[in-house]
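Fold and contact review
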Amino acid sequence: KQEVTQIPAALSVPEGENLVLNCSFTDSAIYNLQWFRQDPGKGLTSLLLIQSSQREQTSGRLNASLDKSSGRSTLYIAASQPGDSATYLCALRGGGATNKLIFGTGTLLAVQP
Amino acid sequence: GAGVSQSPSNKVTEKGKDVELRCDPISGHTALYWYRQSLGQGLEFLIYFQGNSAPDKSGLPSDRFSAERTGGSVSTLTIQRTQQEDSAVYLCASSLGTGGVQYFGPGTRLTVT
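This structure is a prediction, so every number in the text was calculated from the model and none was measured. (Residues numbered from 1 in each chain as written. Chains lettered and ligands numbered in written order. Predicted model: local features only at pLDDT ≥ 70, side-chain atom pairs only at ≥ 80, totals over all residues. Heavy atoms only, no water.)

1. Some points on the state of the cysteines
Note the cut-off: To count as a disulfide, a pair of cysteine sulfur atoms needs to be within 2.5 Å. Helix and strand labels come from DSSP, where a helix needs a run of H or I of at least four residues and a strand needs a run of E of at least two; each type is numbered from the N terminus. For every residue, the accessible area (1.4 Å probe, protein chains only) is compared with the maximum for its type, and the residue is labelled buried under 20%, exposed over 50%, or partly exposed between those bounds.
All told, the structure shown has 2 disulfides over all chains when counted by the stated rule. Covalently, A:Cys23 is tied to A:Cys90 through a disulfide, its sulfur atoms 2.1 Å apart. On the S-S bond that ties A:Cys23 to A:Cys90, the torsion sits near 75°, and the link is right-handed. One end of the pair, A:Cys23, is in strand β3 (residues 19-25); the other, A:Cys90, is in strand β9 (residues 86-94), with 67 residues separating them in the sequence. The pair formed by A:Cys23 and A:Cys90 is uniform in burial state, with each residue classed as buried. At a sulfur-sulfur separation of 1.8 Å, the disulfide partner of B:Cys23 is B:Cys92. Negative torsions about the S-S bond denote left-handed disulfides, and the value of about -65° found for B:Cys23 with B:Cys92 makes this one left-handed. Separated by 69 residues along the polypeptide, B:Cys23 in strand β3 (residues 19-24) and B:Cys92 in strand β8 (residues 88-95) bring together distant segments of the chain.

2. Examining the environment of B:Asp56
All names here are of chain B. Definition in use: Residue contacts are defined here by distance: any two heavy atoms, one from each residue, within 4.5 Å place the two residues in contact. What qualifies as a polar contact is a pair of N or O atoms within 3.5 Å, subject to a donor-acceptor requirement within protein and to the restriction that residues adjacent in sequence count only when both atoms come from side chains.
When you line up the elements, Asp56 lands in the loop between β5 (42-50) and β6 (65-69). For Asp56, a relative accessible area of 22% translates into the label partly exposed. As for Asp56 and Lys15, which are separated by 41 residues in sequence, their C-alpha atoms are 27 Å apart. Beyond its immediate sequence surroundings of up to four residues, Asp56 is in contact with Phe45, Leu46, Ile47 and Tyr48. Reaching out from Asp56, the side chain makes a polar contact with the side chain of Ser58 at a distance of 2.7 Å.

3. Quick word on the sheet that holds β3(B)
Residues and elements named next belong to chain B. So the rule is basically this: Paired strands, as defined in this entry, are two strands with at least two bridges between them according to DSSP. The convention used is that axes are lines fitted to C-alpha atoms, helices contributing only their stretch in contact, and that angles between N-to-C directions extend from 0 to 180 degrees.
Taking strand neighbours across the sheet as the criterion, the 4 strands line up as β1-β3-β7-β6 in an open arrangement whose pairing is antiparallel. For this open sheet the edge positions go to β1 (5-7) and β6, each flanked by a neighbour on one side alone. The average undirected angle you get between the axes of adjacent strands in this sheet is 15°. Pairing of β6 with strand β7 (residues 75-79) involves 5 bridges; the strand directions are antiparallel. Bridge pairing in β7 links Phe65 to Ile79.

4. Comments concerning the pattern of salt bridges
Oppositely charged side chains may form a pair once their charged atoms are brought near each other. All names here are of chain A. Note the cut-off: Should a side-chain nitrogen of Lys or Arg be within 4 Å of a carboxyl oxygen of Asp or Glu, the pair is scored as a salt bridge.
On inspection of all chains with the given rule, the structure shows 6 salt bridges over all chains. Between Asp84 and Arg61 there is a salt bridge whose closest N-O contact spans 2.9 Å. With Asp84 in the loop between β8 (72-77) and β9 and Arg61 in the loop between β6 (56-59) and β7 (62-67), the pair connects residues that are 23 residues apart, well separated along the chain. Here Arg61 falls in the partly exposed class, since its relative accessible area comes to 29%.

5. What to know about the packing of aromatic side chains
We apply this condition: Aromatic rings from Phe, Tyr and Trp, with only the six-membered ring used for Trp, were paired whenever their centres fell within 6.5 Å, and each pair was classed as stacked if the ring planes differed by under 30 degrees, edge-to-face if by over 60, and tilted otherwise. We call a charge positioned over a ring when the NZ of a Lys or the CZ of an Arg lies within 6 Å of the ring centre and within 35 degrees of the ring normal.
Inspection of every chain in the model, using the stated rule, returns 8 aromatic pairs over all chains. Ring geometry for B:Tyr35 against B:Phe45: centres 6.0 Å apart, planes inclined by 70°, an arrangement best described as edge-to-face. Of this pair, B:Tyr35 sits in strand β4 (residues 31-38) while B:Phe45 sits in strand β5, and the two are 10 residues apart along the sequence. By relative accessible area, which is 0% here, B:Tyr35 ends up buried. A connected cluster of aromatic rings, assembled from ring pairs, spans A:Phe36, A:Phe103, B:Tyr33, B:Tyr35, B:Phe45, B:Tyr48 and B:Phe104. In this structure, A:Arg93 is placed above the aromatic ring of A:Tyr31, and the distance from its NZ or CZ to the ring centre is 3.7 Å.

6. With respect to the sheet that holds β3(A)
By way of backbone hydrogen bonds, the strands of a sheet pair with one another, either parallel or antiparallel. All names here are of chain A. As summarised here, the arrangement of the 5 strands in space is β1-β3-β8-β7-β6, forming an open sheet in which the pairing is antiparallel. Two strands close off the open sheet at either side, each with one partner strand: β1 (4-7) and β6. Averaged over all pairs of adjacent strands, the angle between strand axes in this sheet comes to 15°, irrespective of strand direction. Relative to β8, β7 is paired through 6 bridges, and the arrangement is antiparallel. For Asn63, the partnering residue across the bridge sits in β8 and is Tyr76.

Functional significance is not addressed by these values, which are geometric in nature.
So, in structure tokens, the structure goes:
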């Protein structure tokens, strides 16, 4: 059974710092991996999607990497801003016919002004 | 429409009553998903619809839960004889096709008293 873990569970950094969020998974047979942010009381906003054949994706200040062999993905946020404060979730789509996403436990990020 | 919409945004119901939650996916999206987010369990897959194919119901927690998608667009998640453990945020997502980015609605917060 696929298990997805995110470390740390919570992180507080001063504005301007670069930071890395981690996502680890137990089964490397994945179709793709998606990073989301969730603001309090809101739904999920997709940030980046990495196909299993890709190593990384970039969007603005965000860079996500994928290493299937080690069961890891990282989300790098450059020059963090208070507006980046949210819960960040990674989610895997398993290989085969399944289309459901398996979500990680989330990292609650607070960027202090 | 601009995004996935869900109604109601909040629902308080008494234990034992039936509830219906509605999801309007992004126009043209053939895939629709329901997830549940609760404090103890994180974000869990419930059910998936893709075009005219039989839905993947593997995530439904009990036979009190059912969902339908009419005309390939709007979906309704029904919970019969609600229990307190059904209290959660129910999230709907849609994607253009299988494996694409999933776009989430704002969710329905269900409280069973």
